[in-house]
Amino acid sequence: MRNHPIIVQKYGGVCLETPAKIRAVARSLADLHGRGHRVVAIVSAMGKTTDQLIQMAYQVSPTPNRRELDMLLTTGERVSMSLMSMALSDLNVPAISFTGSQAGVMTDGSHSSARILDVRPIRVREELDRGRVVVLAGFQGVNPATREITTLGRGGSDTTAVAMAAALKAERCEIIKDVDGVCSADPRIVPDAKPLRQVDFASLSEMCFWGAKICISAAWSWRKVRMCLWFSSSGAALKTARK
């Protein structure tokens, strides 16, 4: 499968909040793999797991150590990646899971808000060439100087997906959202907000920068990737056109 196109898909916590939903995503990944694509799936923690872990940390300590907090929070994505790999194997699809550090996501040393400096996906490429679906834990990486585990902050799985797609020269990166679509404004605040079928890259990037919960703004800094937002509730896609 060395010459087959690579597709990177990112699934958020809502898409993975129950074992049934994980199995449903696994079936979708299996279908994509069966159509001849090399597939990389970036997964977030299940449902509200990250929030629950943060609450637990503050119940133990009013000022949790940032290094230890990163160690704690990265367990959420590890659960998701392991379960997804198991679900794929149960469908007779060869799969393997990697943490951010195993996948070669190199960051600076800022715990809780690290910035990706480089991506060295050596093991990811090897497993893709062997025909496996690779499931990666989003939101996390490693500081190569200290070998400490780091997290990328809220929405870090989006950044992981786009950075990995750029490093792999993927055909496209798909951010899967469990909502109906993107509107011209927040429909909870603006009643006459209109759904968007297409939006240019600069506009979407600015929407994210100013707080639209579409895709974390840091992800849009990786400009060499063809990105597409897919909405699992409606089955629609939002094209992000670039000049």
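The structure displayed is predicted, hence computed values, not measured ones.

Q: Hey, could you go over the environment of Cys183 for me, with residue numbers and the actual values?
A: Within the secondary structure, Cys183 sits in the loop between strand S9 (172–177) and strand S10 (198–200). Classification of Cys183 by relative accessible area gives partly exposed; the value is 23%. Cys183 sits 10 residues away from Ala193 along the chain, and the two C-alpha atoms are 6.0 Å apart.

Q: Explain a nonpolar patch on the surface to me, using residue names and the numbers behind them.
A: A contiguous nonpolar patch, built from Val79, Leu83 and Met86 and spanning about 250 Å² of accessible area, is present on the exposed surface. Here Met86 is to be found in helix H3 (residues 66–90).

Q: Can you break down the environment of Gln102 residue by residue, with the values?
A: With respect to the helices and strands, Gln102 occurs in the loop between strand S3 (95–98) and strand S4 (105–107). Gln102 gets classed as partly exposed once you look at its relative accessible area, which sits at 34%. Taking the C-alpha atoms as reference, Gln102 lies 8.9 Å from Val142; in sequence the two are 40 residues apart. When sequence neighbours within four positions are dropped, the list of residues in contact with Gln102 reads Ser97 and Arg123. A polar side-chain atom of Gln102 sits 2.9 Å from the main-chain amide nitrogen of Thr99.

Q: So what about the nonpolar core? Which residues, and what values?
A: Judged by nonpolar contacts, the single largest core of 26 residues is most densely connected at Val8, Val40, Val124, Val134 and Leu136. Residue assignment for this core shows that the elements contributing at least two residues are strand S1 (6–11), strand S2 (38–43), S3, strand S5 (116–119), helix H4 (122–129), strand S6 (133–137), helix H5 (156–168) and S9. Look past the residues within four positions of Val8 in its chain and what remains in contact with it is Val40, Ile42, Ala161, Ala165, Ala170, Arg172, Cys173 and Glu174. By size, the runner-up hydrophobic cluster in this structure holds 24 residues, among which are Ile22, Val43, Ala87 and Ala137.

Q: Let's hear about the environment of Cys15: which residues, and what values?
A: With respect to the helices, strands and loops of the structure, Cys15 is situated in the loop between S1 and helix H1 (19–34). Note on Cys15: relative accessible area 8%, which makes it buried. Distance from Cys15 to Ser44, taken between C-alpha atoms, is 9.0 Å for residues 29 residues apart in sequence.

Q: How would you summarise H3 if you had to cite specific residues and measurements?
A: In a regular helix each residue adds 1.5 Å, so 25 residues correspond to 36 Å; H3 covers 37 Å between its end C-alpha atoms and thus fits that length. Residues Leu69, Asp70, Leu73, Thr74, Gly76, Glu77, Ser80, Met81, Met84, Ser85, Ala87 and Leu88 constitute the buried set of H3. Of the residues flanking the start of H3, the one acting as N-cap is Asn65, its side-chain oxygen 2.9 Å from the backbone nitrogen of Arg67. Directly beyond the C-terminal end of H3, a positive phi value near 65° is found at Asn92.

Q: Could you give an account of the pairing of S6, naming the residues involved and the relevant values?
A: Of all 5 residues making up S6, 5 are buried, and the element is well covered by its neighbours. The two faces of S6 match: Val133, Val135 and Ala137 on one face and Val134 and Leu136 on the other face are all buried. Here S2 pairs with S6 via 4 bridges, running parallel. Bridge assignment links Val43 to a residue of S6, and that residue is Ala137. Two elements, S3 and S6, share 4 bridges in a ladder whose sense is parallel.

Parameters and conventions
- Residues numbered from 1 in each chain as written.
- Predicted model: local features only at pLDDT ≥ 70, side-chain atom pairs only at ≥ 80, totals over all residues.
- Heavy atoms only, no water.
- Helix = DSSP H or I, 4+ residues; strand = E, 2+ residues; numbered from the N terminus.
- Buried < 20%, exposed > 50% of the residue type's maximum accessible area, 1.4 Å probe, protein only.
- Patch = residues over 30% accessible without salt bridge, like charges linked within 9 Å, V, L, I, M, F, W, Y side chains within 5 Å.
- Areas by Shrake-Rupley, 256 points an atom, 1.4 Å probe, with all protein chains shown as cover.
- Salt bridge = Lys/Arg side-chain N within 4 Å of Asp/Glu carboxyl O.
- Contact = heavy atoms within 4.5 Å.
- Polar contact = N/O pair within 3.5 Å; in protein donor to acceptor, adjacent residues only side chain to side chain.
- Core = buried A, V, L, I, M, F, W, Y, C linked by side-chain atoms within 4.5 Å.
- Expected span 1.5 Å × (residues − 1).
- Pairing = 2+ DSSP bridges.

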